[in-house]
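The lines below spell out each chain.
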Amino acid sequence: FSLVLLAGLIAVLILMNFDLDHWSSPGSEKISQSVRHASSAFVIVISLVQACLTGVLVEELFFRAFLFNCLRSKMPFFGAAFISSFLWALAHESIFGMFWYLPEGFILAYVYERSGRLLAPLFNHFFWNFSLLCINAFVLSSPKF
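Draft legend 1. Main features of the confidence of the model for the protein. Of all residues in the protein, 63% have pLDDT values of 70 or greater, and the mean over the chain is 76. In the model, residues 17-27 has pLDDT below 50 throughout and makes 19 contacts with residues more than four positions away in sequence or in other chains.

Draft legend 2. Local environment of the environment of Phe86. Looking at where Phe86 falls in the secondary structure, it is placed in helix H4 (residues 77-91). Note: C-alpha distance between Phe86 and Gly105 (19 residues apart in sequence) is 7.6 Å. When sequence neighbours within four positions are dropped, the list of residues in contact with Phe86 reads Met98 and Leu102.

Draft legend 3. Quick look at the packing of H4 against helix H5 (residues 98-115). Contact geometry for H4 and H5: axes closest at 8 Å, N-to-C directions at 135 degrees. Taken together, H4 and H5 sit at an angle that is classed as oblique. Handedness of the H4/H5 crossing: right-handed. Two secondary-structure elements touch here, H4 through Phe77, Phe78, Ala81, Phe82, Ser85, Phe86, Trp88, Ala89 and Leu90 and H5 through Met98, Tyr101, Leu102, Glu104, Gly105, Phe106, Leu108, Ala109, Tyr110 and Glu113. In the contact of H4 with H5, the residues fall into 15 nonpolar, two polar and two charged.

Draft legend 4. How the structure looks around the pattern of salt bridges. Enumeration according to the criterion identifies two salt bridges in this entry. Between Glu113 and Arg72 there is a salt bridge whose closest N-O contact spans 3.0 Å. A residue pair is termed long-range when its members are at least 10 positions apart, and Glu113 in helix H5 and Arg72 in helix H3 (residues 41-72) qualify at 41 residues. Overall, Glu113 belongs to the partly exposed group, its relative accessible area being 31%.

Draft legend 5. Geometry of the packing of aromatic side chains. Counting across every chain of the model gives 13 aromatic pairs. When the centroid spacing of 4.8 Å and the interplanar angle of 85 degrees are considered together, the rings of Phe62 and Phe63 count as edge-to-face. When sorted by exposure, Phe62 lands in the same class as Phe63, which is buried. Where Trp88 meets Tyr101, the ring centres are 5.7 Å apart and the plane angle is 90 degrees; that geometry is what we call edge-to-face. Here Trp88, found in helix H4, pairs with Tyr101, found in helix H5; they are 13 residues apart in sequence, far enough to count as distant. Judged by its relative accessible area of 12%, Tyr101 falls in the buried class. Grouped by ring-pair contacts, the aromatic residues Phe68, Phe77, Phe78, Phe106, Tyr110 and Tyr112 constitute a single cluster. We note Arg64 situated over the ring of Trp88; from NZ or CZ to the ring centre the distance is 5.0 Å.

Draft legend 6. Just the nonpolar core, in detail. Counting 20 residues, the largest nonpolar core has Phe63, Leu67, Phe68, Phe77, Ala81, Trp88 and Ala109 as the members making the most contacts within it. Sorting the residues of this core by element identifies H3, H4 and H5 as the ones contributing at least two each. The biggest single contributor to this core is H4, with seven residues. Excluding anything up to four places from it in sequence, Ala81 contacts Phe68, Phe106 and Ala109.

Analysis parameters
- Residues numbered from 1 in each chain as written.
- Predicted model: local features only at pLDDT ≥ 70, side-chain atom pairs only at ≥ 80, totals over all residues.
- Heavy atoms only, no water.
- pLDDT = per-residue confidence, 0-100.
- Contact = heavy atoms within 4.5 Å.
- Helix = DSSP H or I, 4+ residues; strand = E, 2+ residues; numbered from the N terminus.
- Axes fitted to C-alpha atoms, helices over the stretch in contact; angles between N-to-C directions.
- Parallel < 35°, antiparallel > 145°, perpendicular 65-115°, else oblique.
- Left-handed = near helix turned anticlockwise from the far one by under 90°.
- Nonpolar A, V, L, I, M, F, W, Y, C, P; charged D, E, K, R; others polar.
- Salt bridge = Lys/Arg side-chain N within 4 Å of Asp/Glu carboxyl O.
- Buried < 20%, exposed > 50% of the residue type's maximum accessible area, 1.4 Å probe, protein only.
- Phe/Tyr/Trp six-rings, centres within 6.5 Å; stacked < 30°, edge-to-face > 60°.
- Lys NZ or Arg CZ within 6 Å of the ring centre and 35° of its normal.
- Core = buried A, V, L, I, M, F, W, Y, C linked by side-chain atoms within 4.5 Å.

See the structure below:
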């Protein structure tokens, strides 16, 4: 069982981090920079798709649909949510982000548990990433800040 989880985590990290430099800074600052300094609408769309669709779909399929479900079949909600959220936070490669991603992962696990459908945390995660990306790219980068 633990070997399956480890292999799955490694596979997700490889899929999520096809460009390790891209994800090296907390909060995906590189994506925000590419949106901020985009020379075309195409670059903006690709950045949004990568941050808000591809990443969200891969993460939710693995960390909620697969990992959380496997853990939940073996233990109570809190343990399964904590372990899957902790591993999800580690996958974001940020020590300081751990304090941000761990509670967010727990919330996504709770939404998944309560709804019984993957669509609920998918939408939650999508809108969360989209909101943060827009705030970071357009609001916090404005000359007033």
